[in-house]
Amino acid sequence: MIRNYLKSALRNFLKHRSFTLLNIAGLSLGLAASILILQYVKYEKSYDTFHSNAENIYRVQYNVIQNGKVTVECAAAVPAVGPALKDNFPEVRQFTRLFPVSGVLSYESPARGFISFREEKMQITDPAVFEVFDFKLIEGNPVTCLEGPNKVVITKRAVEKYFGEENPMGKTLSWDGEMDFEVTGILENVPENSHIKFDILFSYQTLNDETENASETSWGWYDFNTYVLVDEKASLEDLQSKWDSYLEEERGEDWQNHYRQEFILRPLKDIHLYSNLLQESEPDEQGDGDAVYFLTIIAFFILVIAWVNYVNLSTAKSFERANEVGVRKVMGAEKGQLVKQFMAESFLINLLAAAVAVLLVRLCWPSFADLAGRSIPIDYIVDGEFWGLVTVLFLIGTLLSGSYPAMVLSSFRPVAVLKGKIMRTSGGNLMRKSLIVFQFASSVILVCGTVIVYQQLNYMKNRDLGIDINQTLVLEGPGITDSLYEQNLESFKLEALNIAGVKQVTAATNVPGDEIFWTRSIRRLQGGPESAITVYNVGIDHDYVPAFDLKVTAGRNFSEEFPNDRERILLNTALAEALEFDELESAIGQHVRLGRDTFEIAGVLENYHQMSLKSQVAPLAFRLVSSSSFYSFKIEPGTSRDVLAGLQEPWDTFFPGNPVDYFFLDSFFNKQYEKDRQFGQVFGLFSLLAIFVASLGLFGLASFLTLQRTKEIGIRKVLGSTVPNIVLLLSKDFIQLVILSNLLAWPLAWWLMDSWLQSFPYRIALNPLLFLGAGISVVLVAFLSVGVQTLKAALLNPAETLKYE
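A brief look at the structure comes next.

Basis of the calculations
- Residues numbered from 1 in each chain as written.
- Predicted model: local features only at pLDDT ≥ 70, side-chain atom pairs only at ≥ 80, totals over all residues.
- Heavy atoms only, no water.
- Helix = DSSP H or I, 4+ residues; strand = E, 2+ residues; numbered from the N terminus.
- Buried < 20%, exposed > 50% of the residue type's maximum accessible area, 1.4 Å probe, protein only.
- Areas by Shrake-Rupley, 256 points an atom, 1.4 Å probe, with all protein chains shown as cover.
- Pairing = 2+ DSSP bridges.
- Patch = residues over 30% accessible without salt bridge, like charges linked within 9 Å, V, L, I, M, F, W, Y side chains within 5 Å.
- Salt bridge = Lys/Arg side-chain N within 4 Å of Asp/Glu carboxyl O.
- Lys, Arg positive; Asp, Glu negative; His and termini not counted.
- Charge placed at Lys NZ, Arg CZ, Asp CG, Glu CD.
- Contact = heavy atoms within 4.5 Å.
- Phe/Tyr/Trp six-rings, centres within 6.5 Å; stacked < 30°, edge-to-face > 60°.
- Core = buried A, V, L, I, M, F, W, Y, C linked by side-chain atoms within 4.5 Å.

**Notes on the overall build of the chain**
- Summing up its helical and strand segments, the chain has 25 helices and 22 strands in all.
- When the 805 residues of the chain are sorted by exposure, 53% land in the buried category.
- Accessible surface for the chain amounts to roughly 36,600 Å². Of this, 55% is attributable to carbon and sulfur atoms.

**As for the pairing of strand β1 (residues 57–66)**
- Of all 10 residues in β1, 10 are buried; the element is thus mostly enclosed.
- Alternating positions in β1 separate into two faces, I57, R59, Q61, N63 and I65 on one and Y58, V60, Y62, V64 and Q66 on the other, with burial throughout.
- Bridging between β1 and strand β10 (residues 225–230) involves three bridges; their strand directions are antiparallel. Within β10, the residue paired with Y58 across the bridge is V228.
- In this structure, β1 lies alongside strand β11 (residues 259–267), joined through nine bridges in antiparallel fashion. Bridge pairing in β11 links Q61 to I264.
- Examined bridge by bridge, β1 and strand β2 (residues 69–74) share five bridges and lie antiparallel to one another. Looking at the pairing, N63 lines up with E73 of β2.
- The hairpin turn running from β1 into β2, its antiparallel successor, is two residues long, and N67 in that turn takes a positive phi close to 55°.

**Quick look at a negative patch on the surface**
- Judged by side-chain charge, E530, E580, D582, E583 and E585 come together as a negatively charged surface patch.
- On the secondary structure map, E530 appears in the loop between β14 (519–524) and β15 (533–540).
- Classification of E530 as exposed rests on a relative accessible area of 56%.

**As for the environment of A694**
- With respect to the element layout, A694 can be found in helix α21 (residues 674–708).
- Once residues lying within four places of it in the same chain are set aside, the contact partners of A694 are I305, N309, Q439, F440 and S443.

**Comments concerning the side chain of N488**
- Structurally, N488 can be placed in helix α16 (residues 485–497).
- Since its relative accessible area comes to 13%, N488 is described here as buried.
- In contact with N488, not counting residues within four places along its chain, are D482, F654 and F655.

**Looking at the packing of aromatic side chains**
- Going through the model one piece at a time under the given rule, you end up with 46 aromatic pairs.
- Ring centres of W175 and F181 lie 6.1 Å apart, and the angle between their planes is 45°; on these two criteria the pair is classed as tilted.
- On the accessibility criterion, W175 (10% relative accessible area) is buried.
- F181 gets classed as buried once you look at its relative accessible area, which sits at 0%.
- Residues F492 and Y631 carry aromatic rings whose centres are separated by 6.0 Å and whose planes lie at 45° to one another, so their mutual orientation is tilted. Here Y631 lies in strand β21 (residues 630–635) and F492 lies in helix α16, a separation of 139 residues in the sequence.
- For F492, a relative accessible area of 0% puts it in the buried group.

**Quick notes on the nonpolar core**
- Ranked by size, the top nonpolar core spans 112 residues in total, and within it I452, I540, Y544, F622, F686 and W756 carry the most contacts.
- Counting residues in hydrophobic clusters, the runner-up holds 27 residues, among them C74, A76, A77 and F89.

**A few points about the pairing of strand β12 (residues 472–476)**
- Within β12, five of the five residues are buried, leaving the element largely enclosed by the surrounding structure.
- By the alternation rule, side chains of β12 split into T472, V474 and E476 and L473 and L475, which are all buried.
- As paired elements, β12 and strand β22 (residues 662–664) share three bridges and run antiparallel to each other. Counterpart to L473 in the pairing with β22 is F664.

Right, dumping it as structure tokens:
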């Protein structure tokens, strides 16, 4: 019997090739797009799940509350938190801290000579890191390799970079030319789906020795990513409650003057998608839970649109097969047998579509991974979960897209059918129209979303930052220095100014787009808020303000004419307002306590965006310093290559042993929007694909229904109807449905995108014309889909269509 079902299905497919190909195309595109999106979602949700204890690992989030407001929300906590949790709560099995550092790492190779690289992915950590996490150690003892000072564990990537074919075990690496470390272990490269990335791990005892144990006992130094491994039977809510009570009891006396600290346990598996704090381990690679949610919805819409196409085309074509059903029933076929026959057809169509979809996924995988900005392993499409997903979608598609047409076809009464009295029911038409409205309402929402995402991204990238980052070449400061550093820096700046194309040179601890970790508490000596405020500090030289075209709104800039300016500071307007100065001019000459030191306010700068427009302008204090991490060069357009070549010689002269690492400031700053750009690309691509699949279905439906009205068109032409009138007549019903789709989609799209925009402190205003434009574009696409077929039918010679009547 099954064999007969399959033979009948294949015979029907061959008889109606275009109908079959249209169905397979729509379903395969919908399946392929949905599978790609769901694999991306799977990868995003896989972060940190390779750790065997991932369910029981928590990171300690650090919050500072001042004057009743949360002023700091930080991924890095203070070093004393880990020991306090381990020593006082038996449910905490272990803890580890990772303290991110950077600098120049070097090795004197017997075979290759002196090798040095600037390293950004370095951490100082406890020996317990291998007990809490499952980073794979290839060589070395996980218990002892990080015990004691001046030990280092490196990844295979670092081994290849520094040692080549040499065995690195026991060899010495130098950090900034000041400290030597013995290589005591080799690690597998950290998996890409880890929110913690590193190539170098230094032993924690080194930091303890350098800081006189402050890295163990401090409750104020918050640069330590702290993770705790909790007993699997422990309740997080109970532990958090007991921990809060402990802090209140132990630290309450230190929380004076409207100031307090919070240390919140956050699940490890939530960090990548749902954490966006200060000092994240990899801020440029941080995921976005909202984006993943939106893409999941798109995958659902695309799938449903593809299935709706099949249902619509099958039910519309059902009346052409009415005689077949009537004959089968007269010959003794039961309703159940007919349902099985038509379900077999759905099974085969969906099976063929699933096969094509898998092929498309394989072909598009590398391009999609690049588009999404993720190194999604190709192994994903050969593991059991992938084939399980394909099977589930195939079965759901077979049942959902096949059951309704099967029930419609098998319900025809043979007597009425064979007498030619079969009527189209209003219920069937309503169902088909409802599905078309759903398809195009979804399409309108996706188009609106795509346009708004791009507009918001362009708004953030093109808004005035309040600081000039264009035509700015930045060198990262030297890691290896000596006692003559300050003198060498001034000499280097003078040499740089003599290079053709260099207009200005300035040095600072941070540049725009670089997250500031240097924080201090600040308060006025007279007046102002009752408690101190946490402020971010930027160390600058005399040339920083004019070089970056910052506006001085009150007072003055640092000047070499004032030799005591190291005892003065500049504020941005946000900090002046936070310190409750009535007028900006009134701040000039006032004294503030910054950390343990007292400074006089020399000037107030207009606010500018140190970080992207995804965050509010933060209070900033600017201090005159001699040690800097970045050297910025304002250059003439088109001279970057010559300037870089000209800088090499003075760099080697004044900072020997340091590699030249540079970037262009505008590109560096805009990297903060890279995730949003990638999301916009993925969102836009699949939104267009959803519209294409919906239009494909509308095209097929219009083709079939127009074919059924061929004789009517011929009669109308004989009676004097023009081609435009016939095109309008045949298109009218479809276009009305698409317009109804717009009316339903606009308020929902407005609500969804307004909710999304609320997460941005600086955002575009929604414009009704945007929604109208999106709606018109979808109407035009629908009209083209329908119009091609209706125009072809309207141009037929009526003598041909009526010659058998």
